[in-house]
Amino acid sequence: MNRKIFIGDKEYFPLISKIKYEGAQSDNPLAFKFYNPEEKVGGLTMEEHLRFSVAYWHSFTGAGGDPFGGGTISFPWDHIEDPMRRSFAKADGAFEFITKLGAPYYCFHDVDIAPDAESVAEYENNLSTVVEKLKERQAGTGVKLLWNTANLFSHPRYMNGAATNPDFRILRRAAAQVKVCLDIAVELGAENHVFWGGREGYNMLLNTNMKREQQHFAEFLAKARDYGRSIGFKGNFLIEPKPMEPIKHHYDFDAATVIGFLREFGLESDFKLNIEGNHATLAGHDFAHDLQVAADAGMLGSVDANRGDDRNGWDTDQFPTDVYQAAQAMLVILESGGLNPGGLNFDAKRRRNSTDDEDLFHAHIGGMDTFALGLKAAHKIIEQGWLKTYRDGRYRTFDEGQGAEFESGKLSLQELYQSAKTETGALPLSSGHQEMLENVINQVLFQGA
Ligand code: XLS
Ligand code: NI
Ligand code: NI
């Protein structure tokens, strides 16, 4: 039975019906094999753990253009000439897609949902008109807004940055955009608000006062925070680190850099991090590394779930398919207490030559199944308890005696020296057992294979 799901007066993806969980044995490419939203993993359902979100920009806006060629992907609302009517149709198509997929959340930039404009008044007017529609669609479908963000990087005015632009007038224009976006966050019940500093940084030091730009950035974020709180926004503000691309050196380089910046300027209690897989790898880290750095600082807010390509160094924003990586990411996430009120947002795009509507479904189904498997593997590893026992065991010399005294700050350098002096002979070598641990992860992943 192909039950119709459509949101407005038209069905935009008529060939695809609701995506169902059919289990690992199913050979239906348009079904979940592993993501079963109602299935409990520990105390929560998969839906509650994973909190999947669809990205408006990649899924309903980006047409596959790259520096060597224009778009290849067409959307069922492309033919509508009037930009406002096209935005309405896009919204209906988006909610139809998200509902058919069964993702509980979505995310957007301001200019993904409505036409941009030079004047603040026209920009605001366009947005608030579409926001009315989104509000109705949210209420009608139950789909919620994980986060929204201001696009402060596409318009030519932001070529030298937004909050870090050397021209105050550009910073002020960006602030107006952020103000409108915070109003929208409250209006639509966004659970978080993201800042991705795509052009906050520099291409050459010779024309840049880095210190002054970073002070402006912090002041801008502080004022955004103050305004957001004053209108009742209770969610997390999130900074999304990325080391480079589109410009050479981003100020929000990686998790560690952003944490240092937030602490330097006293922003650490309102701001957390949105960690993106492909951004971590661009910075030369594993995805799990940046997640762990954020978690250790108590600042793991949300995740942009995607991946790069192992053999090139740019932000390919591919859908996650690597279960080994997803398991390691979910291990950090579960050990740090889960993502809520963040989620797993597919900041990912299908390839430029995946031009069928169906491909958008395949891409998301694969990403959701991958993280469902990662979740189950991570949960199993935690339940079995051996990893934690093993890891804790490596630090056992700090649990008692002098090691414990050192940890509590009671040993001076001279005391360490004195007591090291009493040791005679070579100290024991303790194996890190890397291969054994790698093997056990494979065993957990493929038990029963
Ligand atoms: C680009 C970023 C962007 C943010 C939102 O690389 O990932 O998509 O997530 O502005
Ligand atoms: Ni990215
Ligand atoms: Ni992102």
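The notes below deal with the structure included here. These numbers come from a predicted model, not from an experiment.

**Comments concerning the packing of helix H12 (residues 357-384) against helix H16 (residues 434-446)**
Their axes nearest at 9 Å, the elements H12 and H16 cross at an angle of 115°. In the crossing of H12 with H16, the sense of the turn from one axis to the other is right-handed. For the pair formed by H12 and H16, the contact residues are Ala377, Lys380, Ile381 and Gln384 on the first element and Ile441, Val444 and Leu445 on the second. Taken together, the residues of the contact of H12 with H16 break down into five nonpolar, one polar and one charged.

**Thoughts on the coordination of the nickel ion (ligand 2)**
The nickel ion (ligand 2) binds to the protein through Glu276 (OE), His279 (NE2) and Asp315 (OD), with metal-donor distances spanning 2.0 to 2.3 Å. Coordination at the nickel ion (ligand 2) is irregular: its four donor atoms span angles of 73 to 145° at the metal. When the donors of the nickel ion (ligand 2) are listed by position in the chain, the intervening gaps give E-x2-H-x35-D. A gap of 4.3 Å separates the nickel ion (ligand 2) and the nickel ion (ligand 3), which Glu276 links by coordinating each metal.

**Considerations on the environment of Ala295**
Mapped onto the elements of the fold, Ala295 is located in helix H10 (residues 287-296). Considering only alpha carbons, one finds Ala295 and Ala305, ten residues apart in sequence, at a separation of 16 Å. When neighbours within four sequence positions are excluded, Ala295 is seen to be in contact with Leu300, Val332 and Ser336.

**Details of a nonpolar patch on the surface**
On the surface, Tyr395, Phe398, Phe406, Leu413 and Leu416 cluster together to form a nonpolar patch covering roughly 500 Å² of accessible area. Along the chain, Phe398 turns up in the loop between helix H13 (386-394) and helix H14 (401-407). By relative accessible area, Phe398 is classed as partly exposed at 32%.

**Here we look at the coordination of the nickel ion (ligand 3)**
Around the nickel ion (ligand 3), the protein supplies Glu240 (OE), Glu276 (OE), Asp304 (OD) and Asp347 (OD) as donor atoms, at distances of 2.0 to 2.1 Å. Angles of 79 to 175° at the metal separate the six donor atoms of the nickel ion (ligand 3), which places the site in the octahedral class. Written as a sequence motif, the donor residues of the nickel ion (ligand 3) are E-x35-E-x27-D-x42-D.

**A look at the site of ligand 1**
Every residue near ligand 1 is listed here: Trp57, His109, Trp147, Phe153, Trp196, Glu240, Lys242, Glu276, His279, Asp304, Asp315 and Asp347. At 2.6 Å from an oxygen atom of ligand 1 is found a side-chain nitrogen or oxygen belonging to His109. For ligand 1, an oxygen atom lies 2.7 Å from a polar atom in the side chain of Glu276. Relative to its unbound accessible surface of 290 Å², ligand 1 loses 94% to contact with the protein. Residues of the shell around ligand 1, tallied by class, amount to four nonpolar, two polar and six charged.

**Some words on helix H7 (residues 210-230)**
Quick reminder: α-helices carry 3.6 residues per turn. Residues three or four places apart thus point the same way. In this model H7 runs 30 Å from its N-terminal to its C-terminal C-alpha over 21 residues, within 8% of the 30 Å that 1.5 Å per residue would give. Taken together, the buried positions of H7 are occupied by Glu213, Phe217, Ala218, Phe220, Leu221, Ala222, Ala224, Arg225 and Gly228. Where H7 is buried, its residues touch helix H6 (168-187), strand E8 (192-195), strand E9 (201-202), strand E10 (236-239), helix H8 (255-264) and strand E12 (271-276).

**Overview of the pairing of E12**
The buried fraction of E12 is high, at five of six residues. When E10 meets E12, the two strands line up parallel, connected through three bridges. Pairing of Ile239 across the sheet is with Leu273, part of E12. Taken together, the four bridges between E12 and strand E13 (residues 300-304) define a ladder with parallel strand orientation. Within E13, the residue paired with Asn274 across the bridge is Ser302.

Definitions and cut-offs
Residues numbered from 1 in each chain as written. Chains lettered and ligands numbered in written order. Predicted model: local features only at pLDDT ≥ 70, side-chain atom pairs only at ≥ 80, totals over all residues. Heavy atoms only, no water. Axes fitted to C-alpha atoms, helices over the stretch in contact; angles between N-to-C directions. Helix = DSSP H or I, 4+ residues; strand = E, 2+ residues; numbered from the N terminus. Left-handed = near helix turned anticlockwise from the far one by under 90°. Contact = heavy atoms within 4.5 Å. Nonpolar A, V, L, I, M, F, W, Y, C, P; charged D, E, K, R; others polar. Donors = N, O, S within 2.8 Å, 3.2 Å for Na, K, Ca; no water. Tetrahedral: all angles 85-135°; square planar, octahedral: opposite > 155°, others 65-115°. Patch = residues over 30% accessible without salt bridge, like charges linked within 9 Å, V, L, I, M, F, W, Y side chains within 5 Å. Areas by Shrake-Rupley, 256 points an atom, 1.4 Å probe, with all protein chains shown as cover. Salt bridge = Lys/Arg side-chain N within 4 Å of Asp/Glu carboxyl O. Buried < 20%, exposed > 50% of the residue type's maximum accessible area, 1.4 Å probe, protein only. Near = heavy atom within 4 Å. Polar contact = N/O pair within 3.5 Å; in protein donor to acceptor, adjacent residues only side chain to side chain. Expected span 1.5 Å × (residues − 1). Pairing = 2+ DSSP bridges.

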